Each structure stands twice: as structure tokens, then as C-alpha cells.
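Examination of the molecular architecture
Each chain, written out:
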Amino acid sequence: TVLSIWLLALCLNLTAQENSPYSRYGLGDLVPQGNIITRAMGGVSAPYFDYQSVNFLNPATYSKLRVTTFDLGFEVDNRTIREPNNPGKFSSRSANISYVQLGIPIMPKRNWGINFGLRPVTRINYKVQSNTRITDIDSAASLFEGSGGSYEVFAGTGIAFGNLSIGFNIGYLFGTKDYSSRKILLNDTVAYYKANYQTKSTFGGLALSGGAQYSVALAKTTFLRLAATAQLKKTFNANRDRKVETFDYDINGGTFTIDSAFSETDAKGELTYPGSYSFGFLIDKENEWGFGAEFSGANWDQYRFFGEADMMRNSWQAKVGGHWTPDMLRGKSYWSRITYRAGVFYGKENIKADGDLNIFGFTGGAAFPVRRNVYTNQYTVINTAIEFGQRGNNNNLIRENFFRVSVGFSLSDLWFVKRKYN
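Below is a summary of the structure that appears in this document. (Residues numbered from 1 in each chain as written. Predicted model: local features only at pLDDT ≥ 70, side-chain atom pairs only at ≥ 80, totals over all residues. Heavy atoms only, no water.)

Next up on the list: the pattern of salt bridges. Under the defined criterion, the tally for this structure stands at 22 salt bridges. Two residues, aspartate 356 and arginine 313, come together in a salt bridge whose shortest N-O distance is 2.7 Å. Taken together, the residues aspartate 356 in the loop between β15 (339–348) and β16 (358–373) and arginine 313 in the loop between β13 (304–305) and β14 (315–324) connect sequence positions 43 residues apart. Classification of aspartate 356 as partly exposed rests on a relative accessible area of 44%. Members of the salt-bridge network, linked through shared partners, are Asp29, Arg39, Glu75, Asp77, Arg79, Arg123, Glu349, Glu387, Arg391, Glu400 and Arg404. (Salt bridge = Lys/Arg side-chain N within 4 Å of Asp/Glu carboxyl O. Helix = DSSP H or I, 4+ residues; strand = E, 2+ residues; numbered from the N terminus. Buried < 20%, exposed > 50% of the residue type's maximum accessible area, 1.4 Å probe, protein only.)

Right, dumping it as C-alpha cells:
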């Protein structure tokens, strides 16, 4: 819709306020995965499904769609960067669209559904200044800046055969990387030229992922759900422009080139994007409660950009979470029909620039149903999530604390209903 496109453009502009030095590596910081529902449960996504939401991380769940659902999520991210032995800190805040998607139950009685969506995958945004002393020159100032990221537009389908559901997503992943390093030598008597080293890259290609989910009945309304997902290693086409130049600043703070020392335009290359996987379980009592765990990993040691590996390592995360609804079916109070969620996660990031980079966090959230319109068969649920945690520790040069508030809107309606009366 026009509103969704406008919101997406607005929030992409707001990301400029974010500043994460770790986004320098690879394709940038990985955007939090999953929809708002699963993120509130510590990220447990593979074994989870809901008849009125779209879980794009496991396309097998599309088979469970019962109503056409327009799903929109967005978040506000706050980060605080600290050095272990420095009392100072730096905080940044950004607002971002998490995803836009449309799930459609093509044949609900035969458990077949499809989904179309757009989501960010990684973000690059950092600006770091370093001042050093140099013998016989006096001092030097270096400014490191980066921007860009990657996005995926995708379509998928899921179908169920008895207790087994399978599905796949096919998408087009595309993005940019823009890095620059500026160095200024400061001396009282000699005017040195300012140097700029800049690289601008674009990339894109097809991506394929799949998933499966199997349900085992433990009681009449209680099920054990087992699930797994996988994303294949991919090779994308890439283009790169590089230049090394001397420059100066104008009166407005902009830059202009004095002389070019090296220039390369539209160089062709490849991006190798790593494969990933997840598996987990969820014990679910319908309309009441659920509890599960998941393990996910990605082979980032496979990453290559123009043949260069960068400072990447394999990553993993362990996640535990659950949900509880006091009385969905018979509750007279509105608060008894709210679903409450909580979870925790811990793992290793995909960056090895500064030793192992741990990440852990706690999550919580709730689903607020909006009264159903009995005349139009329309349903609306507002899902919320709060995530807070830390990247790195005192063994790392930089430690990031993060606090994220997310809101998702699931707007549903019954389509393809055959009329019984004219």
C-alpha cells in the first residue's frame, strides 16, 4: 500500500541516526530476525505458528494461514557504546521498518498458503574519529564512515501433509556498501594534503530458504511441534568503485577533490553469502500457553566479497521463550484475552575483529486483540516486543548495550469465502 511504502521510506531515512562501529564488518549488523511475536519470545521462531500471523522465518507455517493477513512491523532501537576503561559513553537512536508482508491462505481446507514480503537484512551505519600522535609531524586525525545495508523482497509458499508441513521462500537480496577513511595530518608549519580512501559497492542476487514443521499430539489440545529451517549458501553479483584522492573542505563543510591518486570504476566481482540453519521445539496448549527452545547458526566463515574474507566467524544463538493467555475463549475481561510473552537468548556474533563477541538479551511483549467486526470478518491484533541486552564485554574494546521497542500490526480478513446466500 501507499502508506506502507511511505512509512518504509521514512524509516530508512531515520537509520542515519544509528552508529554502530561493529557494522563495519561483512555486510553490516544483522537486523533482528523474525516477526514481533517471536522476537518477544527470545527469538524462538522455527517451531512457532499462529493462524493469524505470518512467520516468514519458517515458510512451512504458511500452510497454517486461515485468514488473509497484512503484517507490518516497526521498531525503535537505542544503543549505548562504552569502552571498558572509559567512563564516557555514546548513545544513538534509530527508527526502522522491520518488515512488510501479506499472507494469503490459498486453500485453507488443504493447508496451502502463500506469502509476499519485504524486509531489511543488514544495516551499515558508523562514524568513528581517531586522534593519534605522529613523530616529527605532530598529530593526525582519522575519520571512518560507513553506510548502506541489504534488503530482501521475497515470496514463499507452504503446504501440509497430515502432521508434516513444508515450505520455501525465494527472494531477491540486494544492497550497498559505502566505506570511506579520511586522514588529516596536523602540523603548525607544514600544510599537508588531506587524504580520502573510499569504496562504494552494490550487490544482488536470488536467495532460497526452506523449512519444515511436524506436530505430535500429546493430548487433545496439547501438541509438541518440531521444526527446522535452512538457507542455502549463495553467490551474488557485485560491482565496486574505488578511489584514493586528496581533498579539502569548503566553507559549508562539504568536500571537494584536489587530485586523484587512484580510481577504479564498475569493477565486477562476487559476494558469497553464507548458509544458515535453525532447529527447535515448542510444546503448545492451544489458546492457553506454549514453551519452546531453538538453536540457530550461520557459517559466516564462508563470507567473501571480491575474494576477501573480512574479519568474520561462524555465529550461533540459543533461545528459550514462551507465551501465556489467561482465558482466550471464556474470559469476560479484556485483559484475560491478552497474550503475554517472554524469553531470553545468548550466543556468539559473526565478528572476530576483537576476539569473541558475545551477545545476550531478555525479551518480553504482549498481543492486544482489537474487537472483531462480525459483519466483515475482519480481525486486528497489535503485537508488542521489548528487547534489551548487550554485545561484547570487558574483554572487548567496545561494548554495546541495546534497548529495542517493537510494534507489529496484523490486519486480517477472510478472503475467497463462497457466498451461501445471494
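Another aspect to go through is the packing of aromatic side chains. One pass over the structure, following the stated rule, counts 18 aromatic pairs. Centroid distance tyrosine 126 to tyrosine 179: 6.1 Å. Interplanar angle 50°. Geometry classified as tilted. Of this pair, tyrosine 126 sits in strand β4 (residues 112–134) while tyrosine 179 sits in strand β6 (residues 164–186), and the two are 53 residues apart along the sequence. Pair check on accessibility: tyrosine 126 and tyrosine 179 agree, each one buried. Ring centres of phenylalanine 236 and tyrosine 273 lie 6.3 Å apart, and the angle between their planes is 25°; this geometry places the pair in the stacked category. (Phe/Tyr/Trp six-rings, centres within 6.5 Å; stacked < 30°, edge-to-face > 60°.)

To continue, consider the layout of surface pockets. Approximately 890 Å³ is the volume attributed to the largest pocket. Lining the largest pocket are 33 residues, and of these Asp50, Gln52, Asn287, Met328 and Thr339 lie nearest its centre. Breaking the lining of the largest pocket down by element, the ones donating at least two residues are β11 (276–285), β15, β16 and β17 (378–391). It is β16 that provides the largest number of residues to the lining of the largest pocket, a total of six residues. Here the residues of the lining of the largest pocket are counted per class, giving 14 nonpolar, nine polar and 10 charged. By volume, the second largest pocket amounts to about 370 Å³. Arg24, Tyr179, Thr199, Arg240 and Glu308 are the residues nearest the centre of the second largest pocket, which is lined by 20 residues in total. Of all the secondary structure elements, the ones that give two or more residues to the lining of the second largest pocket are β6, β7 (194–217) and β9 (234–249). (1 Å grid on protein atoms, 1.4 Å probe; cavity = no way out; pocket = protein on both sides within 12 Å on 5 of 7 lines; lining within 4 Å. Points joined across faces, edges and corners; volume = space filled by probe spheres on them. Nonpolar A, V, L, I, M, F, W, Y, C, P; charged D, E, K, R; others polar.)

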